[in-house]
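Residues per chain are reported as follows:
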Amino acid sequence: MKFLPRKILFAATALFAVFRLPAPAAENDDAALRERVYVVANAADAESLDVARHYVAARGVPEKNLIALTLPREETISWRVFADEVHFPLLHELCARGLVDGTPTEKRDAAGRVLLALPANFDPTKARAGECIAYLVLCRGVPLRIANDPEKLAPLAEGATRAPLDKNEASVDSELALVAVPDAPINGAVPNPFFRDAKNRVLSRLLLKVARLDGPTAEDAKALTESALRAEAKGLMGRACVDRGGPHKEGDAWLEATEKTLRGLGFETSAETTRALMPATSRYDAPAFYFGWYSARVGGCFLDPKFRFPAGACAMHIHSFSAETLRSRSAWTAGLVARGAAATVGNVFEPYLGLSHHPHYFAEALASGMTAGDAAAFSIPAFSWQGVFVGDPLYRPFKKSLDAQLNDAREGRPTRLHQYAYLRAAQLARAEGLDGDAKKLLDEARLYAPGLALEYAIARSRDGKNPRAAWTYFPRNFAAENPGLALEVARFLAEHGNADRAAEFYRATLDGRLVPEFARADALAEAVACAERHRVASAPVAEWKRELQRLRAKKK
């Protein structure tokens, strides 16, 4: 991802800094909010209609709010196609429903978009769009991005080069945020009035918050809603993973701030600080939050065929072209959706780092109780640019309280994830200096929500003292455990004087084929080194060595 010089970024953002106002009251009336959600589907695509109808039914959005338009089916379209076949039919429908001020005319702007005739008494601070439409939800089958059109750019003086923002390629979503803005510019970015709640009285009533339900398959797109609803009903439970070590200090600083927010919420957090992605031999169990960068394609632990996010997970991988397509599992935004994330963001073309979604603001907004749709708008500086938000905009990750999650476990309704709810509660208690309460919570968790992650946390809380007593738990269904967690437990045991038990974990992990094949050689090498270093007689070292040699020979 390219870094935008500060003087250019300042020029792009100074416009809305002047208009910063106090944040509005949160919209807690979900029923009223649903009335203001409008869902756009491609009438020429049966799967698009299926995704839209599923969302309307699942979320209780009024059926009349479904807008089915015959649209192009390609992901990438030209400005001419966008103006004629996407912008115009949608604008016409919104006007016909009285959701946008004005009526379409026969005139066109420089981009080819139909111009609106506004009422003589039109007051942009009271525009209907912001009052009537909370979110515009685009469903799989609606085009994704608009290619750059050099003919629509101002001519350059001889020998001059274009400035970084002098281009008009953009996401369809980001351009449709401006559908109610007459003659909006298409070259460069438009300041986002919702960024960090920097309310511009005019633009905040004219611009729309746009979400997308999309993914490699229609089932993936529908799963976004199902995952959000499950998390709201059962609670968002799990851990956090933050992968720093990218190409620019500013991005690493964002991720450090994100990590601080997540730890402050009580989530146990794994942090990768090198340029590598989190490997499949590292811990990646139950990632309720994932924020990272910087790789062109999905890799590391995400290539484990068994990898799945828990219900309601929020994820983001910063990359210039993370959402260049939503049809490929190897592209980051689509890949996160395909692996179960409920909410994610991405870029369809190069956005420059400063104008992409800011992960720390996204996490901060979610933590404050915002919907995912509001958090996505809160965290991106510009519209008419490259960003997309993929997920249910009504989703509130923290709708179900931590206390309610614990009560479910106490009342006999625990899941494997409830051990993480107890770990979070214990961490929050420790942060308040209530170590005794934290210990009680962990003891209670052993009764109601046992698990390997819980036992590992208890052992760590004892600083490795008396580790044998801490490891009375051994999972009966070890094949269901996360391989990275099992390997981390093995390392911990070996470091704290229990190498025999560590060897058991290595053996169970390897014999159970928990570790994905592409990472098996690394796990075998680690197991051999541990057994030889600590002279564990019971470990099948010779067998491990033979397999390791075979795997290494295959790579040559």
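In this text, all values refer to a predicted model and were calculated from it rather than measured experimentally.

Colleague: If you had to explain the overall build of the protein chain to someone new, which residues and values would you point to?
Modeller: Within the protein chain, the regular secondary structure consists of 21 helices and 17 strands. Here the C-alpha radius of gyration of the protein chain, 26 Å, is about what a compact globule of 556 residues would show, namely 24 Å. Dimensions along the principal axes, computed over C-alpha positions, put the protein chain at roughly 85 × 55 × 45 Å. For the protein chain, with 556 residues in total, the buried portion stands at 60%. Residue pairs in contact within the protein chain that sit at least 24 positions apart in sequence constitute 74% of those at least 6 positions apart.

Colleague: Account for the pairing of strand β6 (residues 135–139), naming residues and giving values.
Modeller: Judged by how many residues are buried, β6 sits mostly within the fold: five of five residues are covered. Side chains of β6 alternate between two faces, with Y135, V137 and C139 and L136 and L138 buried alike. Inspection of the sheet shows strand β1 (residues 37–42) paired to β6 by four bridges, in the parallel sense. Across the sheet, the residue bridging to Y38 is L136, located in β6. Strand direction decides the pairing type here: β6 and strand β10 (residues 210–213), joined by four bridges, are parallel. By the bridge assignment, V137 is partnered in β10 with A211.

Colleague: If you had to explain the nonpolar core to someone new, which residues and values would you point to?
Modeller: The biggest cluster of nonpolar side chains holds 68 residues, and the ones touching the most others in it are Y290, F302, F309, L336 and W544. When near neighbours in sequence (up to four residues on either side) are disregarded, F302 contacts Y290, F307, F309, W332, L336 and R339. Residues L94, A180, I186 and V210 belong to the second largest nonpolar core, which totals 45 residues.

Colleague: For the packing of helix α14 (residues 418–431) against helix α16 (residues 452–461), give the residues involved together with the corresponding values.
Modeller: Following both chains from N to C, one finds α14 and α16 inclined at 25°, their axes separated by 8 Å at the closest point. Put simply, α14 runs roughly parallel to α16. In the crossing of α14 with α16, the sense of the turn from one axis to the other is left-handed. Where α14 abuts α16, its residues Q419, Y420, L423 and R430 lie against L452, A453, L454, A457 and S461. In terms of residue class, the contact of α14 with α16 is made up of six nonpolar, two polar and one charged.

Colleague: Before we move on, could you go through helix α21 (residues 541–555) and cite the residues and values that matter?
Modeller: Here α21 contains 15 residues, and its C-alpha end-to-end distance of 21 Å stays within 8% of the 21 Å for a straight helix at 1.5 Å per residue. Those residues of α21 that sit buried are V541, W544, E547, L548 and L551. Down the axis of α21, the sector holding all buried residues measures 130°, keeping them to one side. Facing away from the buried side of α21, by more than 90 degrees, are the exposed residues Q549 and R550. Turning to α21, the residues buried within the fold contact α19 (499–511) and α20 (520–534).

Colleague: Describe the pattern of salt bridges, with residues and values.
Modeller: Between side chains of opposite charge, a pair can form when the charged atoms approach closely. Taken as a whole and assessed by the stated rule, the structure comprises 44 salt bridges. A salt bridge links R446 to E455; the shortest N-O distance between them is 2.6 Å. A single network of salt bridges, built from pairs that share partners, joins E47, R140, D173, R212, D214 and R327.

Colleague: Before we move on, could you go through the pairing of strand β12 (residues 269–272) and cite the residues and values that matter?
Modeller: As judged from the four bridges shared by strand β11 (residues 239–243) and β12, these two strands associate in the parallel manner. Bridge pairing links D243 to E272 in β12.

Colleague: Got a sec to walk through the packing of aromatic side chains? Specific residues and values, please.
Modeller: Tallied over the entire structure, the rule returns 18 aromatic pairs. Summarising the aromatic geometry, the rings of F194 and F383 are spaced 6.4 Å apart at their centres and angled 55° between planes, so their arrangement reads as tilted. In this pair, F194 is assigned in the loop between β9 (190–191) and α7 (203–206) and F383 in strand β16 (residues 382–383), connecting sequence segments 189 residues apart. Taking relative accessible area as the criterion, F383 reaches 9% and is therefore assigned buried.

Colleague: Explain the sheet that holds strand β3 (residues 76–77) residue by residue, including any values.
Modeller: Strand pairing within a sheet occurs via backbone hydrogen bonds; the two strands may be parallel or antiparallel. Strand order in the open sheet formed by three strands is β3-β7-β8, with mixed pairing between adjacent strands. Each having just a single partner strand, β3 and β8 (170–171) make up the two edges of the open sheet. Bridge count between strand β7 (residues 145–146) and β8: two bridges; the pairing is antiparallel. Across the sheet, I146 pairs through a bridge with A170, a residue of β8.

Colleague: For the environment of A228, give the residues involved together with the corresponding values.
Modeller: Note on placement: A228 falls in helix α8 (residues 218–234). It is 5.8 Å that separates the C-alpha atoms of A228 and A342, two residues lying 114 residues apart in sequence. With sequence-adjacent residues up to four places away left out, A228 is seen in contact with R59, A342, D392 and Y395.

Rules and cut-offs
- Residues numbered from 1 in each chain as written.
- Predicted model: local features only at pLDDT ≥ 70, side-chain atom pairs only at ≥ 80, totals over all residues.
- Heavy atoms only, no water.
- Helix = DSSP H or I, 4+ residues; strand = E, 2+ residues; numbered from the N terminus.
- Rg over C-alpha atoms; globule rule 2.2 N^0.38 Å.
- Buried < 20%, exposed > 50% of the residue type's maximum accessible area, 1.4 Å probe, protein only.
- Contact = heavy atoms within 4.5 Å.
- Pairing = 2+ DSSP bridges.
- Core = buried A, V, L, I, M, F, W, Y, C linked by side-chain atoms within 4.5 Å.
- Axes fitted to C-alpha atoms, helices over the stretch in contact; angles between N-to-C directions.
- Parallel < 35°, antiparallel > 145°, perpendicular 65-115°, else oblique.
- Left-handed = near helix turned anticlockwise from the far one by under 90°.
- Nonpolar A, V, L, I, M, F, W, Y, C, P; charged D, E, K, R; others polar.
- Expected span 1.5 Å × (residues − 1).
- Arc of directions from axis to C-beta.
- Salt bridge = Lys/Arg side-chain N within 4 Å of Asp/Glu carboxyl O.
- Phe/Tyr/Trp six-rings, centres within 6.5 Å; stacked < 30°, edge-to-face > 60°.

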